[in-house]
Amino acid sequence: MSYCVLAVVGNFTYPSTSTSNPNPKLSISNSTQRRKEFVSLLKNCKDANQILPIHAKIIRTGHDQDPFILFELLRLSSTLSSVNYASTIFQLVHNPNVFLYTALIDGFVSAGSYSDGISLYFQMINRFIVPDKYVITSVLKACGSRFALREGKEVHCQASKLGLSSNRSITMKLMEFYGKCGEFDDARKVFDKMTERDVVASTIVINCFLDHGLVKQAIEVFDRVRVKDTVCWTAMIDGLVRNGEMNMALEMFREMQKENMRPNEVTIVCVLLACSQLGALELGRWVHSYIGKHHRIELNHYVGGALISMYSRCGDIDEAERIFAMMKERNVITYNLMISGLAMHGKSIQAIEIFRGMIKQGLLPTSVTFVAILNACSHGGLVDLGFEMFHSMSRDYGIPPQIEHYGCIVDLLGRVGHLKEAYNFIQNMEIAPDHVMLGSLLSACKIRGNFELGEQVARILMNHGVVDSGTYILLANVYASSGKWKEAAQIRAKMKEGGIQKEPGCSSIEVNNEIHEFLLGDLRHPQKEKIYNKLEELSQVLKEAGHIPATDAVLHDIEDWEKEQALAIHSERLAICYGLISTKPCTTIRVVKNLRVCDDCHSMIKLIAKITGRKIVVRDRKRFHHFENGNCSCGDYW
């Protein structure tokens, strides 16, 4: 048979051709010995380049059609990310059997080339090679990942005809396949036919429901599982986090603890993610202490990164830095998380030092790294350094700037008051601006009182087409701040016509390991009377301290006393008041808000921190605000 030249390794070049069997007198015993030798050599390969000289020797010695050697060669080539090389080898096989097909299909599936795996399977069927349970499970995985419903059903029919559909591994893959394709009735039929519906099968069904956002159905299946293992609990917690049900995920974790079920590494990371989203610092600390007590959970990139993210997003950046310093090995993701965390907390210089340390370690920055470092430059008002970093992306690292990077520069210029320069930067960009970038400039115009440029940006935004509720509110705020109530009313009317609902402001605070949520003017809390009494008391103290409510932040053209009342019941104020009445004096109050903190609340919280002697940390949609001694870490720009 003929072989093409496949590769060059060092000074060795594959021969252009090779005879199928150059030594016809090769004894069976020698052939068996050679087979064992080649299989052993292949199994010891650690990277793709080591395969090439071994393969050349296999060709020269006439073992290029030995199915045992070929199976190991295909399997290894695919495993070492050389599926194209494996495919080339396969094309030169005279009579591939089902095992060789399985090896290459597995390779395609592992490499994410699902369509190639499915096509190869049907090529095998067309050559009248009978599939076995291994190749069927592999191709069903490909069909599920590719959402290839028609092809998967054909495979199901073939498995049934061969009497393999009741095989446990195939049954599992069938449930997973139908679930991924959203065919829950078919998945349920397969599940119901199982003689042994154990926790593994139930976990697959739970995952399928959660993948499609069907939380209620997943919980119903979960509740019916009599004996749950760690994987089942973790699947449920992970799915709840992925579907935004953070409180429910944490409650599920508490139930897991009550059942004395030990979490694994994945469980821990999922719970830390939920803590990050909710700002549940105390629970996050407990999880961290749990890791310390159970040495089987290592502080690796995965767990360490989750801890850095949790502490950063829950307001304890000092602890995040301590974790980072403790980690023996750090990868680019770990550095990205640390830089991003420092940037959120306004620690721009420290973020830049971490970035430079990463470069010294020989780690190459990614697109995400530059978003983090440009954010750090923006929060620190570091214009020259910001532009240097921006230009170095493509110049030094070959990373083309994306919309997020351009947005950071606009935000940076807006922060330092270079509004016209920011506007010109947008006009000269190579890509079209999005509503987030334009909204950032509009916000800067409002803060700086440049309503003329603000109106220009507003007109561009309105013609932009795709804007969210937050952008509409910002537009209305700009008009209201300049006394243009008619225009502000028109924006509200547009929102109503378009069916765009204003996202309700929601603030949360963690007290005694419980998350307490507050909406605007919330009356649901059991301690509402004490909260509103504290709010009234604070309002009086603030007035005596000279606080004048920023009533221009209220959209409606109503009397000033009504505007003051509307401001007084903002969700973050209610959360802070609850924190003041339910925590010990001098302790830090941490609040998480889903929207941007308004101007009046920002100035009010500065005064509250000064009067009460408390440190108040507020995480809003964009960043952290550390209020202490009458000042804020953001420098009154956010």
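Conventions adopted
- Residues numbered from 1 in each chain as written.
- Predicted model: local features only at pLDDT ≥ 70, side-chain atom pairs only at ≥ 80, totals over all residues.
- Heavy atoms only, no water.
- Salt bridge = Lys/Arg side-chain N within 4 Å of Asp/Glu carboxyl O.
- Helix = DSSP H or I, 4+ residues; strand = E, 2+ residues; numbered from the N terminus.
- Buried < 20%, exposed > 50% of the residue type's maximum accessible area, 1.4 Å probe, protein only.
- pLDDT = per-residue confidence, 0-100.
- Contact = heavy atoms within 4.5 Å.
- UniProt positions renumbered as here; feature names shortened; annotations may be inferred.
- Expected span 1.5 Å × (residues − 1).
- Polar contact = N/O pair within 3.5 Å; in protein donor to acceptor, adjacent residues only side chain to side chain.

## Section: the pattern of salt bridges
Pairing between side chains of opposite charge can happen when the charged atoms of each approach one another. Going through the model one piece at a time under the given rule, you end up with 27 salt bridges. The closest approach of N and O atoms between Glu572 and Lys593, which form a salt bridge, is 2.9 Å. Taken together, the residues span a long stretch of sequence, with Glu572 in helix 31 (residues 571-582) and Lys593 in strand 5 (residues 589-593) at a distance of 21 residues. Side by side, Glu572 and Lys593 carry an identical accessibility label, which is buried.

## Regarding the confidence of the model for the protein
Averaged over all residues, the pLDDT of the protein equals 87, while 91% of them reach at least 70. Here strand 1 (residues 8-9) stands out as the element of the protein with the lowest mean pLDDT, 30, in contrast to helix 13 (residues 230-242), whose mean of 97 is the highest. Low confidence marks residues 1-26, where pLDDT is under 50. Its contacts with residues over four positions away, or in another chain, come to 54 contacts. Segment residues 555-563: pLDDT under 50, and 15 contacts once partners within four positions in sequence are set aside and those in other chains are kept.

## Remarks on the UniProt feature "repeat: PPR" (unreviewed entry) in the protein
Per the UniProt entry, the sites bearing "repeat: PPR" (unreviewed entry) are residues 97-131, 167-201, 229-263, 300-330, 331-365 and 468-502 in this numbering. For residues 229-263, the helix share is 74%, the strand share is 0%, and the end-to-end C-alpha distance is 10 Å. Secondary structure content for residues 468-502 is 74% helix and 0% strand, and the end C-alpha separation is 9 Å.

## Digging into helix 17 (residues 301-313)
Its 13 residues place the ends of helix 17 18 Å apart at the C-alpha level, agreeing with the 18 Å of an ideal helix rising 1.5 Å per residue. The buried fraction of helix 17 amounts to ten of the 13 residues, a majority that puts the element mostly inside the structure. Of the residues making up helix 17, those classed as buried are Val303, Gly304, Gly305, Ala306, Leu307, Ile308, Ser309, Met310, Tyr311 and Ser312. Close packing links the buried residues of helix 17 with helix 15 (265-278), helix 16 (281-293), helix 18 (317-326), helix 19 (332-344) and strand 7 (624-628). Of the residues that open helix 17, the one with a side-chain oxygen 3.1 Å from the backbone nitrogen of Tyr302 is Asn300.

## With respect to unusual backbone geometry
Of note in the backbone geometry, Asn512 takes a positive phi value of approximately 50° without being a glycine. In this structure, Asn512 sits in the loop between strand 3 (506-511) and strand 4 (514-519). Accessibility expressed as a relative area gives 70% for Asn512, which makes it exposed. Within the chain, Asn629 stands out as a residue other than glycine whose phi angle is a positive 55°. Among the secondary structure elements, Asn629 is positioned in the loop between strand 7 and strand 8 (631-632).

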